[in-house]
Amino acid sequence: MKESCTIIFCGDICVTPDTEEMFTSGDAKGLFNSLLDVFSAADLVAGNLEFPLTDAGKGIVKCGPVLKGKKECIRLLQNAGFDVVGLANNHIRDCGDEGVLSTLECSRNAGMLTVGAGRDAAEAATPLVVDVAGWKIGILAFAEHEFNAAGPDWAGANLFDPYESFDAIKELRTQCDYMTVLYHGGIEYYAYPSPLLQKKCRKLADAGADLILCQHSHCVGTAESRGNATILYGQGNTLFGCRRNLPDWNAGLIVKVSLLKHDRTKTAIEYLPVYAVGSGIDLMPPEKAESLLNAFSERSQKIMDKNFVTASWQAFCESQEAHYFPLLFGLGRIPTFLNRRMKNKMIELLFSKKQMRTTMNLIRCEAHNEVVQTMLDGQTKDDDA
């Protein structure tokens, strides 16, 4: 075993119209710029691949955008020096079984290991243990349930399951020197953990994870320590195109883990701020990096206060009512737009408090929720064929 080991974890990576040509040509220098030096100096480089690799796959019928890229897109990560791609995310099944299986094949043919997705639920749940310079590095990847789940006989992502996932972490803990959990979940564009996400991630740490990286939020969030573990709530984008006037979307953190002398208490974790530029991404200039990290640190201090986490979450949810309620009640795109313009007045007129209490109970109660999910799953299965 080497005296030290360096691991790089990237956040969400996805091809976009402005980067597609460089993805397919494998132009790592053009897209990653000075980050290539960071990658080449590491013993292991990993990241979340946020789209299926397929030349054929027809998108499934779902809510939200369908993401996909040509098989050649894997060249970019191969040329950049990636060793592992996490596939437990909400888009891996956007092109059905074909998209998942094609992604697995492309990644492995390019010499990359995969974690978090498989041809069925059992394969998707299989953890990854990699020998890196004599260190056994364990990685588990989970996703929250959207249109992405692997099943007993269909391909997809490994879902987080409180009845099984904590046990999987405890088991993996016995097989490795350092363990990372990639958790694809939480709410997009919200920089703090929800009360439930914080509770869940703390339990992941208690179960034995050394590092928990929450991805998917598309913004840099907060971090906290839990014993010897580190939890990052919101890694932000790594490579997901550049959006004008959306600084949060264009920023992210590369996580650098330095393991020292086989001692978990001497692990060093460094956050390297990156941002979208005209050509892919690059390390932030010192002044911008310092500003981002200072804001990150200030937010992180706030989440030590349970009352703040609860109050912030409640305020955020209240701000989303005009958007969420029409979706919840199935009113469609135009009523959703009108309700937002009317500051939720349409919902207040259409649905009584009694109706809302009934809906809340169908969602909140575990038994009713299971009934509703089973019925809706049966009604929508034909659409995925």
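Structure: see above.
Let us look at the structure shown here. Please read these numbers as outputs of a predicted model, since none were measured by experiment.

What counts, and at which threshold
Residues numbered from 1 in each chain as written. Predicted model: local features only at pLDDT ≥ 70, side-chain atom pairs only at ≥ 80, totals over all residues. Heavy atoms only, no water. Phe/Tyr/Trp six-rings, centres within 6.5 Å; stacked < 30°, edge-to-face > 60°. Helix = DSSP H or I, 4+ residues; strand = E, 2+ residues; numbered from the N terminus. Buried < 20%, exposed > 50% of the residue type's maximum accessible area, 1.4 Å probe, protein only. Contact = heavy atoms within 4.5 Å. Pairing = 2+ DSSP bridges. Axes fitted to C-alpha atoms, helices over the stretch in contact; angles between N-to-C directions. Parallel < 35°, antiparallel > 145°, perpendicular 65-115°, else oblique. Left-handed = near helix turned anticlockwise from the far one by under 90°. Nonpolar A, V, L, I, M, F, W, Y, C, P; charged D, E, K, R; others polar.

## Here's the deal with the packing of aromatic side chains
A complete count under the given rule lists 17 aromatic pairs for this structure. With centroids separated by 5.7 Å and ring planes inclined at 90°, the aromatic side chains of Phe142 and Phe160 adopt a geometry described as edge-to-face. Placement of the pair is Phe142 in strand S7 (residues 135-143) and Phe160 in the loop between strand S8 (156-157) and helix H7 (165-173), with a sequence separation of 18 residues. Using a relative accessible area of 14% as the deciding quantity, one classes Phe160 as buried. Between Trp313 and Phe316 the ring centres are 5.8 Å apart and the planes differ by 25°, which places this aromatic pair in the stacked class. Taken as a pair, Trp313 and Phe316 lie in helix H10 (residues 306-319) at a separation of 3 residues, close to a single helical turn.

## Focus on the side chain of Thr16
Checked against the element boundaries, Thr16 lands in the loop between strand S1 (4-13) and helix H1 (20-25). Excluding its chain neighbours within four sequence positions, the residues that come into contact with Thr16 are Phe240 and Gly241.

## Some remarks on the sheet that holds strand S11 (residues 220-226)
Strand order in the open sheet made by the 6 strands is S6-S7-S9-S10-S12-S11, with mixed pairing throughout. Looking at which strands have only one partner, the edges of the open sheet turn out to be strand S6 (128-132) and S11. This sheet shows a mean twist of 15° between the axes of neighbouring strands, independent of strand direction. Pairing of strand S9 (residues 178-184) with strand S10 (residues 211-215), which is carried by 5 bridges, proceeds in the parallel orientation. By the bridge assignment, Thr180 is partnered in S10 with Leu211. The strands touched by helix H8 (residues 195-207) within the sheet are S9, S10, S11 and strand S12 (229-235), with S12 carrying the most contacts at an inclination of about 145°. Sheet contacts for helix H9 (residues 286-302): S11 and S12; angle to S11, the most-contacted strand, approximately 55°.

## Focus: the packing of helix H11 (residues 321-328) against helix H12 (residues 333-341)
Between two packed helices, both the angle of their axes relative to each other and the distance between the axes serve to describe the pair. One way to put it is that H11 packs onto H12 with a least axis distance of 8 Å and a crossing angle of 150°. Judged by the angle between their axes, H11 and H12 are roughly antiparallel. Seen from above, H11 lies across H12 with right-handed handedness. Contact residues: H11 offers Glu321, Ala322, His323, Pro326 and Leu327, while H12 offers Pro335, Thr336, Asn339 and Arg340. For the contact of H11 with H12, the residue count by class is 4 nonpolar, 3 polar and 2 charged.

## Section: the packing of helix H14 (residues 353-364) against helix H15 (residues 366-380)
As a packed pair, H14 and H15 sit with axes 5 Å apart at the nearest point and diverge in direction by 90°. Looking at the two axes, H14 sits roughly perpendicular to H15. Of H15, the residues touching H14 (which contributes Asn361, Leu362, Ile363 and Arg364) are Glu366, His368, Asn369 and Val372. Here the contact of H14 with H15 is built from residues that sort into 3 nonpolar, 3 polar and 2 charged.

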